[in-house]
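# Observations on the model geometry
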Amino acid sequence: SKSTLCGMIRSDFRYYSGAYRSDDDKPLGNSFSRVWTVFLRMGFWVVFSYRLRHALERRGKLSKKLSEVLGFWAKLMSGCYISAHCSIGRQFDLPHPVGIVIGDGVVIKNGVSLYQGVTLGSSSIGGSAYPTLEDNVTVFANAVIVGDISLGAKATIGAGAIVLKSVPPGATAAGNPARVVRPA
């Protein structure tokens, strides 16, 4: 099924091979160029690492240790930390994954894009309230989204925003603290 580890990775590979096109905006040509394009995208490797770690965390002690090692490697290679305990849907796009931090209880639905330096987490140390990003949300560079809030489907968060309250579907929020600057 599509929700298995292999199904999710296959889906990610198809997404990353089709999401990035050549400079003249034509679809990539032969299969070698598609594979090469995917393998050069750090975002793909970060998502791949997360999927493996998420699957390993549900197994025994040895698998959890392997998950920790894989997580350390991914953080070292990409400068990005994604907890194996969060939930991430399909077509998760990380065009520039450096500096991204995603905490334990974060829920990310399908088609979400996060740019460099984005933080998704709890609003307090050891807290248990994490944000939910609905389908097709875009979060631009260095935004911070914390607490038990929801970003509605197709919401956009501006660069550098500090989001402490829910954002309605289709709205654009920006600023510190963030406020809706363009309603749906």
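So, here is what we can say about the structure in this document. (Residues numbered from 1 in each chain as written. Predicted model: local features only at pLDDT ≥ 70, side-chain atom pairs only at ≥ 80, totals over all residues. Heavy atoms only, no water.)

## Observations concerning unusual backbone geometry
Omega for the peptide link from N176 to P177 comes to -5°, which places this bond in the cis form. By the secondary structure assignment, P177 is in the loop between β13 (172-174) and β14 (179-182). With phi around 65°, K154 is a residue other than glycine that occupies positive phi space. Mapping K154 onto the fold places it in the loop between β10 (150-151) and β11 (156-157). We classify K154 as exposed; its relative accessible area is 58%. (Helix = DSSP H or I, 4+ residues; strand = E, 2+ residues; numbered from the N terminus. Buried < 20%, exposed > 50% of the residue type's maximum accessible area, 1.4 Å probe, protein only.)

## Quick look at the pattern of salt bridges
Under the defined criterion, the tally for this structure stands at three salt bridges. Two residues, E134 and K109, come together in a salt bridge whose shortest N-O distance is 3.3 Å. Placement of the pair is E134 in the loop between β7 (132-133) and β8 (138-139) and K109 in the loop between β4 (107-108) and β5 (113-114), with a sequence separation of 25 residues. The exposure class of E134 is partly exposed, given its relative accessible area of 24%. By relative accessible area, K109 is classed as partly exposed at 32%. (Salt bridge = Lys/Arg side-chain N within 4 Å of Asp/Glu carboxyl O.)

## Thoughts on the packing of aromatic side chains
If you walk through the whole model with that rule in mind, you get five aromatic pairs. On the basis of an interplanar angle of 80° and a centroid distance of 6.0 Å, the ring pair of F13 and F44 is categorised as edge-to-face. Residue F13 is located in helix α1 (residues 5-19), and its partner F44 is located in helix α3 (residues 42-56); the two are separated by 31 residues in the primary sequence. Residue classification places F44 among the buried residues on the basis of a relative accessible area of 3%. Summarising the aromatic geometry, the rings of Y115 and F140 are spaced 5.1 Å apart at their centres and angled 20° between planes, so their arrangement reads as stacked. Remark: F140 occurs in the loop between β8 and β9 (144-146) and Y115 occurs in the loop between β5 and β6 (119-121); sequence separation between them is 25 residues. The class of Y115 is partly exposed, set by a relative accessible area of 23%. F140 gets classed as partly exposed once you look at its relative accessible area, which sits at 34%. (Phe/Tyr/Trp six-rings, centres within 6.5 Å; stacked < 30°, edge-to-face > 60°.)

## A look at the nonpolar core
Of all hydrophobic cores here, the largest spans 34 residues; its most connected members are I82, F92, I102, L114, V139 and I157. Of the residues forming this core, the biggest block, four residues, is contributed by α3. Apart from the residues lying within four places of it in its own chain, the contact partners of V139 are S113, L114, Y115, V118, L133, I145, L151 and I157. (Core = buried A, V, L, I, M, F, W, Y, C linked by side-chain atoms within 4.5 Å. Contact = heavy atoms within 4.5 Å.)

## Observations regarding empty space enclosed by the protein
The method is simple in principle: a probe with the dimensions of a water molecule rolls over the atoms, and the space it marks as empty is what remains. For the structure shown, the criterion picks out one cavity of 30 Å³ or more. Taken as a whole, the largest cavity spans an internal volume of roughly 60 Å³. Considering the residues around the largest cavity, the lining is formed by V46, S49, Y50, R53, G71, A74, K75, C80, Y81 and I82. Elements that contribute at least two residues to the lining of the largest cavity include exactly α3, α4 (61-78) and β1 (81-82). At four residues, the largest contribution of residues to the lining of the largest cavity is made by α3. Across the lining of the largest cavity, the residue classes break down as six nonpolar, two polar and two charged. (1 Å grid on protein atoms, 1.4 Å probe; cavity = no way out; pocket = protein on both sides within 12 Å on 5 of 7 lines; lining within 4 Å. Points joined across faces, edges and corners; volume = space filled by probe spheres on them. Nonpolar A, V, L, I, M, F, W, Y, C, P; charged D, E, K, R; others polar.)

## Focus: the side chain of S83
Examined against the element boundaries, S83 turns out to sit in the loop between β1 and β2 (87-88). Side-chain polar atoms of S83 contact the side chain of D104, separated by 2.6 Å. Contact partners of S83, with chain neighbours within four places excluded, come to Y50, R53, I102, G103 and D104. (Polar contact = N/O pair within 3.5 Å; in protein donor to acceptor, adjacent residues only side chain to side chain.)

## Looking at the packing of α3 against α4
Angle between the axes and distance between the axes are the two parameters that describe a pair of packed helices. At a minimum axis distance of 9 Å, the contact between α3 and α4 shows a crossing angle of 165°. Of the possible angle classes, the one that applies to α3 and α4 is roughly antiparallel. Between α3 and α4 the crossing geometry is left-handed. Along its contact with α3, which presents M42, V46, S49, L52, R53 and L56, the element α4 presents S63, K64, L66, S67, L70, G71, A74, M77 and S78. Of the residues belonging to the contact of α3 with α4, the class tally is eight nonpolar, five polar and two charged. (Axes fitted to C-alpha atoms, helices over the stretch in contact; angles between N-to-C directions. Parallel < 35°, antiparallel > 145°, perpendicular 65-115°, else oblique. Left-handed = near helix turned anticlockwise from the far one by under 90°.)

All quantities given are derived from atomic positions and should not be read as evidence of function.
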